[in-house]
Amino acid sequence: MVTEKDVEHIGELADIGIDTTELAAFTGQFNAIVEYFDVLDQVKGDKTVTRDLLNVFRDDVVEPSLSLEEATRNAGAKEDGYIKAPRVM
Amino acid sequence: MAGNTICFAFEDRYNAFLKVCTKADHGEGKLKGIAIAVKDNISTKGIETTCASKILKGYVPPYDAHAASLIKHAGAAIAGKTNMDEFGMGTSTENSAFGPTLNPVDIKRVPGGSSGGSAAAVAAGMVRMALGTDTGGSIRCPAAFCGIVGLKPTYGRVSRYGLIAYANSLETIGPMANNVTDVSLLMSVIAGHDKKDATSYNRPYNHTPSAEIKGLRVGIPKEYFGQGVDPEVAAVVQRAIGRLEELGAVTVPCSIPSMEYALAAYYVICTSEASSNLARFDGVRYGPAVDTKKSWHAAYQDIRKQGFGTEVRRRIMLGTFALSSGYYGKYYAKAQIARENVRKDFARLFADVDVLCGPTMPTIAFKLGEKSDPLSMYLSDILTVPVNLAGIPAISVPCGKVQGMPVGLQVMGRPFEDERVVDVAYAYEQAVKS
């Protein structure tokens, strides 16, 4: 059973921004969906699935890339060729 | 490119397009002068690409997706970017931030999703071909609902470079058109190795469809005709399979026991991957400008709450939940085992049969607004998601109608046998044409 408090916590973890007015609806839908997910309890085994595949790497060779202008064109906030972000600290 | 230009001036009565390129240049090649619509989660240099989300409104990619680049180099003219469920999350194209696409066969009904705009554009005759993407059925479902042909290629056969990621381990770009020959032609252009996609295989597709299917062994999984499948849809598909038998195919009853939990496994995996992939939408590098005066989390939450639609937020939260401490083993780890079981079931069946056939969708296209509850919408994907979990190819080809609405026959094949599913669809298409 997922509670409104759980959904609030998940919303916080996911940085999704939940209003208190949305909590009841999301919680109801969450419970129906998670209850459906419980069919996975019937799946036998707990060994992690692994595959014999190797990572695909390339040599670290400098190739042509986007210009500063192209790379920053879509950013909303810019200053002196840099992209501005909200403060982290 | 040579200096040829096509002007597009069609009336978009179905809201199939988010952006129409009124003038498109094209060059020489296999697709010379063919108008192709491109789903809006595939990056197109210089053409706004939004994934039908407010969070990407105004975003103009500085580069082309590999598939977009290939069709341009083959001489195609990109007619525009098509509507979709936001980030591919949906089965009806109702989850677009820019309004739903209407089904050209009946405008009161959904076109299917998430590549609903691509399917509607082809079905309405606005373009000859379209690119869609398929994460859990998003090419095959709208193809079935709108009465066109759609191929979900083998995972890794078409590069995902430049496809804006939703669930990387499941999704692929694929071709959509009014007939199998055009689907096959478009596939021949987009398939092949791309060093920019680490999951890309070197398996080009150079194939001309053949209608010869004598002696072909066709498995009929009982789950595709069981609970939840509309009996009228099942009957139309059974008749289509009867036509394949008349052409010399041998049908073999079979079963996919892992289908019992395939849908749950699919939704755990795709939402988990989405919760990680969509973390990049922070309003800093693209999208509406973030308020840099606020603290990181406050600004991040604001932009995501305003920018993402309800279904996208729900899936990000579901994935965050499935991966969170204390639940990972119960959901994500079990879903991966279930996925492996689906893969094993297909491998076991393909040791005996060449292809599997069943309906693409359990029902005909539903009415707009009919499925308001998310779980009931998810359940519509039951017959398409097993293919994505296993990474195998599958095609949907129109095979009749129920209540005037198209029904799709789904043909699923062994990994890298896209050619064979194309042939079976072609054999059926030619048989009913003559």
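In this text the structure is predicted, and so the values were computed from the model without any measurement.

**What about the confidence of the model for chain B?**
And then number 1: Summing up the model confidence of chain B, the mean pLDDT is 96 and the portion of residues at 70 or higher is 99%.
And then number 2: With pTM at 0.97, the complex prediction returns an ipTM value of 0.94.

**A few points about helix α12 (residues 418–433) of chain B**
Residues and elements named next belong to chain B.
And then number 1: The terminal C-alpha atoms of α12 lie 22 Å apart, and with 16 residues this matches the ideal 22 Å at 1.5 Å per residue to within 8%.
And then number 2: Where α12 is concerned, the buried positions are D418, R420, V421, V422, D423, V424, A425, Y426, A427, Y428 and E429.
And then number 3: Next to the buried residues of α12 lie β7 (149–152), α4 (180–190), α5 (231–246), β11 (355–359), β12 (394–402) and β13 (405–413).

**With respect to the sheet that holds strand β2 (residues 17–20) of chain B**
All names here are of chain B.
And then number 1: Read across the sheet, eleven strands follow the order β2-β5-β4-β6-β8-β7-β12-β13-β11-β9-β10 without closing on themselves; strand pairing throughout is mixed. What marks the edges here is a single partner per strand, and that holds for β2 and β10 (250–254). For this sheet the average axis-to-axis angle between neighbouring strands, irrespective of direction, equals 30 degrees.
And then number 2: Two elements, strand β9 (residues 217–221) and β10, share five bridges in a ladder whose sense is parallel. Considered in β10, the bridge of R217 is made with V250.
And then number 3: Contacts from α4 reach β6 (129–134), β7, β8 (172–177) and β12, with the element oriented near 145 degrees to β8.

**Section: the interface of chain B and chain A**
And then number 1: Listed by partner, the interface residues are 48 residues for chain B and 37 residues for chain A.
And then number 2: Among the elements of the structure, α6 (259–277), α7 (296–307), α8 (310–322), α9 (329–350) and α10 (374–379) of chain B are those that each provide at least two residues to the side of chain B that touches chain A.
And then number 3: Classifying every residue of the side of chain B that touches chain A by side-chain character gives 27 nonpolar, nine polar and twelve charged.

Conventions and cut-offs
- Residues numbered from 1 in each chain as written.
- Chains lettered and ligands numbered in written order.
- Predicted model: local features only at pLDDT ≥ 70, side-chain atom pairs only at ≥ 80, totals over all residues.
- pLDDT = per-residue confidence, 0-100.
- Helix = DSSP H or I, 4+ residues; strand = E, 2+ residues; numbered from the N terminus.
- Expected span 1.5 Å × (residues − 1).
- Buried ≥ 20, exposed ≤ 12 C-beta atoms within 10 Å, placed from the backbone.
- Contact = placed C-beta atoms within 7 Å.
- Pairing = 2+ DSSP bridges.
- Axes fitted to C-alpha atoms, helices over the stretch in contact; angles between N-to-C directions.
- Nonpolar A, V, L, I, M, F, W, Y, C, P; charged D, E, K, R; others polar.

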